[in-house]
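# Per-entry structural report
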Amino acid sequence: MEVTLMEMLEAREQRAARQRALLDAYGHTMVCFTMNIAGPIKNSPSILRGFLLGKQLLEDQLRVTGTRVLYHEQIQEKTGNEAIYLLDREPLAVKAVTVEIEDQSPLGRLFDMDVLRPDGRKVDRQELGLSGRRCLICGGPAQACARSRTHTVAQLQEKTQAVLAAAIREADSKTIARLACQALLYEVATTPKPGLVDRANSGSHRDMDFFTFQASAAALWPYFARCAEIGMDTHSLPPEETFSRLRTPGKLAEGDMLRATAGVNTHKGAIFSMGILCGALGRLERQQRRCPERVLAECAAMTKGLTARDYAGLTPETAKTAGQRLYLRYGITGVRGQAEAGFPVVLNIGLPRLEEGLALGKSINEAGCAALIAMLAATVDTNMIHRGGYEAQQQAARELSALLNREPFPRRETLLALDADYIERNLSPGGTADLLALAYMLHFLKEESHE
């Protein structure tokens, strides 16, 4: 929405009056943060997002420097966004923080972080021995370009949108990748997990341990960021196109994983399922990412028809993998079927059990253990079949269902007994472990701050 010159002048007068009142009331250093936006449109979803990223940067650095915030308020109007802080810190020290953000952040040239002394006098950059600000377009002195009108409003608007888009893309892909890696780390840290690697032991595995999984998760960070970026780049294309473009990065990520683990397959299943989830998140608007139903519906749309395509023409003679043979013999679709259906066991069982446990005061570890067992009882884990056979998997699922009727949140002693039993029988529900990571990821997304 465009604003008039009169509206901008009135907004500036109101801001100045508000600043004087707060300075009189608190008598401390003030930061007034606004955005430098050329043209008559001073607010939009992307401008607001850039403002919130700048606000986060400022608050993070105030926290890092141990600066106490005495007062804070935020205003969002069509004339622009504004945040005011009253700080218990010397003005020049605060100015050093703000100019570093303005000069070093990719969005910094769009930030206007004025620092005012208790008497209302503005602190200048020159007081720190710094030169004036640089032009957004050419990098020359900003004042000179503004005075001579070197660049048109249209040029400034185009550059502003490009800077905002690049910064938002980077921030979102980094957040998605961070939460994906956090989910993998939480999954392996959840203890005790029957037959699986955790903090206590290596379960039924001899070639990997807790540290192998940490190395693997760290190696996959760039892959998850790339999946999110692919989703962003293809958000206007059919969802199947996003999935198609994820496949080559997925193969490359397997190489990264194997290099990090000296050849051990720790996260091949997670590369598939978490990669799809990250791609789906990239396709969606930021607020939609907080809705598990919407996110998993996008996963389903991306992988529609996957099983039929991958297994087309498959015969007992051409089946090479355990998954292919299980499909032919029992019609088990494995993780492909879960993805095509939008990971229903995660949405309807794992995530609700995890969040129910947290709501009851359980620790994240206790709630995660319960979510794993609930999903294992409700799904056909092909890793269990591979290690123990189809009947063993079915029997284990029945036993776990009976257990959950007695203990919806199994006691530690119960889980330890299950772990010992699975290790003795060489069982490992690795597929369900990947689903637990998805449940953690969806929970983190709901908890992530979305101002």
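The preceding data block contains the structure.
The paragraphs below set out a description of the structure included in this document. (Residues numbered from 1 in each chain as written. Predicted model: local features only at pLDDT ≥ 70, side-chain atom pairs only at ≥ 80, totals over all residues. Heavy atoms only, no water.)

This brings us to the packing of aromatic side chains. Under the counting rule described, the total for this entry stands at 11 aromatic pairs. For the ring pair Tyr 186 and Tyr 440, a centre distance of 5.7 Å and an interplane angle of 75 degrees mean the geometry is edge-to-face. Here the residue Tyr 186 occupies a position in helix H5 (residues 153-189), and Tyr 440 occupies one in helix H19 (residues 430-447), the gap between them amounting to 254 residues. Residue class for Tyr 440 comes out buried when judged on its relative accessible area of 1%. Between Tyr 186 and Phe 444, the ring centres sit 5.0 Å apart and the planes meet at 80 degrees, which makes this aromatic pair edge-to-face. One end of the pair, Tyr 186, is in helix H5; the other, Phe 444, is in helix H19, and 258 residues separate them in sequence. Relative accessible area serves as the criterion here: at 33%, Tyr 186 is assigned to the partly exposed category. We note Arg 353 situated over the ring of Phe 409; from NZ or CZ to the ring centre the distance is 5.8 Å. (Phe/Tyr/Trp six-rings, centres within 6.5 Å; stacked < 30°, edge-to-face > 60°. Helix = DSSP H or I, 4+ residues; strand = E, 2+ residues; numbered from the N terminus. Buried < 20%, exposed > 50% of the residue type's maximum accessible area, 1.4 Å probe, protein only. Lys NZ or Arg CZ within 6 Å of the ring centre and 35° of its normal.)

What follows covers the environment of His 28. Looking at the element boundaries, His 28 is found in the loop between helix H1 (5-26) and strand E1 (29-35). Note: C-alpha distance between His 28 and Gly 120 (92 residues apart in sequence) is 9.7 Å. Setting aside chain neighbours within four positions, we find His 28 in contact with Leu 23, Leu 70, Leu 86, Leu 87, Asp 88 and Pro 118. Of note is the side chain of His 28, whose polar atom sits 2.7 Å from the backbone oxygen of Tyr 26. (Contact = heavy atoms within 4.5 Å. Polar contact = N/O pair within 3.5 Å; in protein donor to acceptor, adjacent residues only side chain to side chain.)

Okay, the sheet that holds strand E3 (residues 80-88) next. Strands sit in the order E2-E3-E1-E4 across an open sheet of four strands; the sheet is antiparallel. Both edges of this open sheet fall to strand E2 (68-77) and strand E4 (111-116), since each of them pairs with a single strand only. Shown here is a sheet whose adjacent strand axes are inclined to one another by a mean of 15 degrees, direction ignored. Alignment of E1 against E3, held across five bridges, turns out to be antiparallel. (Pairing = 2+ DSSP bridges. Axes fitted to C-alpha atoms, helices over the stretch in contact; angles between N-to-C directions.)

We now examine the pairing of E1. Judged by how many residues are buried, E1 sits mostly within the fold: seven of seven residues are covered. Burial along E1 is two-sided: Thr 29, Val 31, Phe 33 and Met 35 and Met 30, Cys 32 and Thr 34, pointing in opposite directions, are all buried. Relative to E4, E1 is paired through six bridges, and the arrangement is antiparallel. Across the sheet, residue Cys 32 finds its bridge partner in E4, namely Asp 114.

Core analysis: the biggest nonpolar cluster contains 56 residues, and Phe 224, Met 274, Leu 277, Val 346 and Met 441 have the highest contact counts within it. Looking at this core element by element, the count peaks at 11 residues for H19. Those residues in contact with Met 441 that lie beyond four places of it in its chain are Ile 176, Leu 179, Ala 180, Ala 183, Met 274, Leu 277, Cys 278 and Leu 281. One finds Ile 37, Leu 87, Val 97 and Ile 101 within the second-largest nonpolar core, a separate group that totals 28 residues. (Core = buried A, V, L, I, M, F, W, Y, C linked by side-chain atoms within 4.5 Å.)

Let us now look at the environment of Leu 281. Along the chain, Leu 281 falls in helix H9 (residues 268-283). Between the C-alpha atom of Leu 281 and that of Val 295, which follows or precedes it by 14 residues, the distance is 6.5 Å. Apart from the residues lying within four places of it in its own chain, the contact partners of Leu 281 are Ile 176, Arg 289, Val 295, Met 441 and Leu 445.

Turning our eyes to something else, we now look at a nonpolar patch on the surface. A surface patch of nonpolar side chains, about 320 Å² in accessible area, is lined by Leu 5, Met 6 and Leu 9. Here Leu 5 shows up in helix H1. For Leu 5, a relative accessible area of 65% corresponds to the exposed category. (Patch = residues over 30% accessible without salt bridge, like charges linked within 9 Å, V, L, I, M, F, W, Y side chains within 5 Å. Areas by Shrake-Rupley, 256 points an atom, 1.4 Å probe, with all protein chains shown as cover. Salt bridge = Lys/Arg side-chain N within 4 Å of Asp/Glu carboxyl O.)

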